[in-house]
Amino acid sequence: MITKECIETTYSFFHQKRRIYEHSTLEWQRDDIEYAIASYVDEMNAELYQQLSHGRKDFLKDHQNFLRDITEAEETLEKVMFSL
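Described in the following lines is the structure provided in the data block. (Residues numbered from 1 in each chain as written. Predicted model: local features only at pLDDT ≥ 70, side-chain atom pairs only at ≥ 80, totals over all residues. Heavy atoms only, no water.)

## Comments concerning the pattern of salt bridges
So, point 1. Scanning the entire structure with this criterion turns up seven salt bridges.
So, point 2. When the shortest N-O distance is used, the salt bridge between Glu 8 and Lys 4 registers 3.9 Å. Within this pair, Glu 8 and its partner Lys 4 are both found in helix α1 (residues 4-23), separated by four residues, close to a single helical turn.
So, point 3. For Lys 4, a relative accessible area of 45% puts it in the partly exposed group. (Salt bridge = Lys/Arg side-chain N within 4 Å of Asp/Glu carboxyl O. Helix = DSSP H or I, 4+ residues; strand = E, 2+ residues; numbered from the N terminus. Buried < 20%, exposed > 50% of the residue type's maximum accessible area, 1.4 Å probe, protein only.)

Structure, rendered in structure tokens:
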């Protein structure tokens, strides 16, 4: 079951990290953010992750697609929050 609090917490975390990530010029900082998000998704609500990833196994865990993935996840979570 996906709770409202779960959605809001995940959105807040992703939003904060994406904003820093996209403006950072420090490679180590970007790597740290990717690691933090990957660790978070390993522990997050499995049902929510499945909905966000659309079955993509490496969603939010692939360096090359990270910015695209986190942007997509944030936009999806935002839409869900406004529909609650």
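Past the structure itself, the notes keep going.
## A look at helix α3 (residues 46-53)
So, point 1. Within α3, burial applies to Leu 48, Tyr 49, Leu 52 and Ser 53. Projected down its long axis, α3 shows its buried positions confined to an angular sector of 125°, all on one face.
So, point 2. In this structure Asn 45 caps α3, since a side-chain oxygen of it lies 2.9 Å from the backbone nitrogen of Glu 47.
So, point 3. Directly beyond the C-terminal end of α3, a positive phi value near 55° is found at His 54. (Arc of directions from axis to C-beta. Polar contact = N/O pair within 3.5 Å; in protein donor to acceptor, adjacent residues only side chain to side chain.)

## Some details on the packing of α1 against helix α4 (residues 66-83)
So, point 1. Running from N to C, α1 and α4 point in directions that differ by 145°, and their axes come no closer than 9 Å. Our pair here, α1 against α4, has a crossing hand that is left-handed. Along the contact surface, α1 presents Ile 7, Glu 8, Thr 10, Tyr 11, Phe 14, His 15, Lys 17, Arg 18, Tyr 21 and Glu 22, while α4 presents Phe 66, Leu 67, Ile 70, Thr 71, Ala 73, Glu 74, Leu 77, Glu 78, Val 80 and Met 81.
So, point 2. Across the contact of α1 with α4, the residue classes break down as eleven nonpolar, three polar and six charged. (Axes fitted to C-alpha atoms, helices over the stretch in contact; angles between N-to-C directions. Left-handed = near helix turned anticlockwise from the far one by under 90°. Contact = heavy atoms within 4.5 Å. Nonpolar A, V, L, I, M, F, W, Y, C, P; charged D, E, K, R; others polar.)

## Quick look at the packing of aromatic side chains
So, point 1. Throughout the structure, instances matching the rule amount to five aromatic pairs.
So, point 2. The interplanar angle of 55° and the centroid separation of 6.3 Å between the aromatic rings of Tyr 49 and Phe 59 together place this pair among those described as tilted. Linking Tyr 49 in helix α3 with Phe 59 in the loop between α3 and α4, this pair joins segments that are ten residues apart in sequence.
So, point 3. Of the residues examined, Phe 59 reaches a relative accessible area of 0% and is grouped as buried.
So, point 4. Taking NZ or CZ as reference, Arg 30 lies 4.0 Å from the ring centre of Tyr 21, over its face. (Phe/Tyr/Trp six-rings, centres within 6.5 Å; stacked < 30°, edge-to-face > 60°. Lys NZ or Arg CZ within 6 Å of the ring centre and 35° of its normal.)

## A few points about the packing of α1 against helix α2 (residues 27-43)
So, point 1. It is at 10 Å that the axes of α1 and α2 come closest, and there the two elements cross at 165°. Considering their axes alone, α1 and α2 lie roughly antiparallel with respect to each other. Between α1 and α2 lies a crossing whose hand is left-handed. Of the residues in α2, those in contact with Thr 9, Thr 10, Phe 13, Phe 14, Lys 17, Ile 20 and Tyr 21 of α1 are Gln 29, Arg 30, Ile 33, Glu 34, Ala 36, Ile 37, Tyr 40 and Val 41.
So, point 2. Broken down by class, the residue content of the contact of α1 with α2 amounts to nine nonpolar, three polar and three charged. (Parallel < 35°, antiparallel > 145°, perpendicular 65-115°, else oblique.)

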